[in-house]
Amino acid sequence: MIKVVAPNMACTIIDWAIQAHGAGGVSDDFPLASAYAHIRTLRIADGPDEVHRNALAKLEIARHAGLPGSEKDIEMPVTRGA
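Bear in mind that the values here come from a model prediction, so they are computed numbers and not experimental data. (Residues numbered from 1 in each chain as written. Predicted model: local features only at pLDDT ≥ 70, side-chain atom pairs only at ≥ 80, totals over all residues. Heavy atoms only, no water.)

Caption draft 1: Summary view of the pattern of salt bridges. Per the counting criterion, the structure on display carries 2 salt bridges. Between Arg63 and Glu60 there is a salt bridge whose closest N-O contact spans 3.3 Å. Separated by 3 residues within a single helix, Arg63 and Glu60 lie in helix H3 (residues 49–65), roughly one turn from each other. (Salt bridge = Lys/Arg side-chain N within 4 Å of Asp/Glu carboxyl O. Helix = DSSP H or I, 4+ residues; strand = E, 2+ residues; numbered from the N terminus.)

Caption draft 2: Fine view of the nonpolar core. Membership of the largest hydrophobic core is limited to 5 residues, which are Cys11, Ile14, Ile18, Leu32 and Ile39. Where this core is concerned, the elements lending two or more residues are helix H1 (2–21) and helix H2 (32–45). Looking at which element gives the most residues to this core, the answer is H1, with 3 residues. For Ile14, the residues in contact, after removing those within four places along its chain, are Leu32, Ala35, Tyr36 and Ile39. (Core = buried A, V, L, I, M, F, W, Y, C linked by side-chain atoms within 4.5 Å. Buried < 20%, exposed > 50% of the residue type's maximum accessible area, 1.4 Å probe, protein only. Contact = heavy atoms within 4.5 Å.)

Caption draft 3: Structural detail: H1. Compared with the 28 Å implied by 1.5 Å per residue over 20 residues, the 28 Å span of H1 between its first and last C-alpha is a close match. Here the buried face of H1 lies against H2 and H3. Gly22 occupies a position one or two residues after H1 and carries a positive phi of about 65 degrees. (Expected span 1.5 Å × (residues − 1).)

Caption draft 4: Highlighting H3. In this model H3 runs 24 Å from its N-terminal to its C-terminal C-alpha over 17 residues, within 8% of the 24 Å that 1.5 Å per residue would give. All of the buried residues in H3 are Asp49, His52, Ala55 and Ala62.

Caption draft 5: Molecular detail of the packing of H1 against H3. In the contact formed by H1 and H3, the axes pass within 9 Å of each other and the chain directions differ by 145 degrees. Mapping the contact onto sequence places Lys3, Val4 and Asn8 in H1 and Asp49, His52 and Arg53 in H3. When its residues are assigned to classes, the contact of H1 with H3 shows 1 nonpolar, 2 polar and 3 charged. (Axes fitted to C-alpha atoms, helices over the stretch in contact; angles between N-to-C directions. Nonpolar A, V, L, I, M, F, W, Y, C, P; charged D, E, K, R; others polar.)

Caption draft 6: Seen up close, the environment of Ser27. Looking at where Ser27 falls in the secondary structure, it is placed in the loop between H1 and H2. Side-chain polar atoms of Ser27 contact the backbone oxygen of Gly24, separated by 2.9 Å. Among the polar contacts listed, one links the side chain of Ser27 to the backbone nitrogen of Asp29, at a separation of 3.2 Å. (Polar contact = N/O pair within 3.5 Å; in protein donor to acceptor, adjacent residues only side chain to side chain.)

Caption draft 7: Here's a closer look at the packing of H1 against H2. Taken N-terminus to C-terminus, the directions of H1 and H2 make an angle of 160 degrees; their axes are 10 Å apart at the nearest point. Considering the angle they form, H1 stands roughly antiparallel to H2. The element H1 and its partner H2 pack so that their crossing is left-handed. Residues Pro7, Asn8, Ala10, Cys11, Ile14, Ala17, Ile18 and His21 of H1 form the contact with H2, whose own contacting residues are Leu32, Ala35, Tyr36, Ile39, Arg40 and Arg43. (Parallel < 35°, antiparallel > 145°, perpendicular 65-115°, else oblique. Left-handed = near helix turned anticlockwise from the far one by under 90°.)

Spelled out as structure tokens, the structure:
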């Protein structure tokens, strides 16, 4: 869940800071515009949020279904290395 929540919250906080600074928030006077671009790129590079949500949903359904061995059959996708 952290792969979905943390980047979204970072984008929201940086967006609030840009809004607070007005036009200065998107100028070179503050590093907010580059920070927003960096965080947004990180969200795209890490994979779509829907992929992470679907993987979590499969794990939760298997866990709460109560089927024996169901947790072993569902694999969590690895996006970075082993």
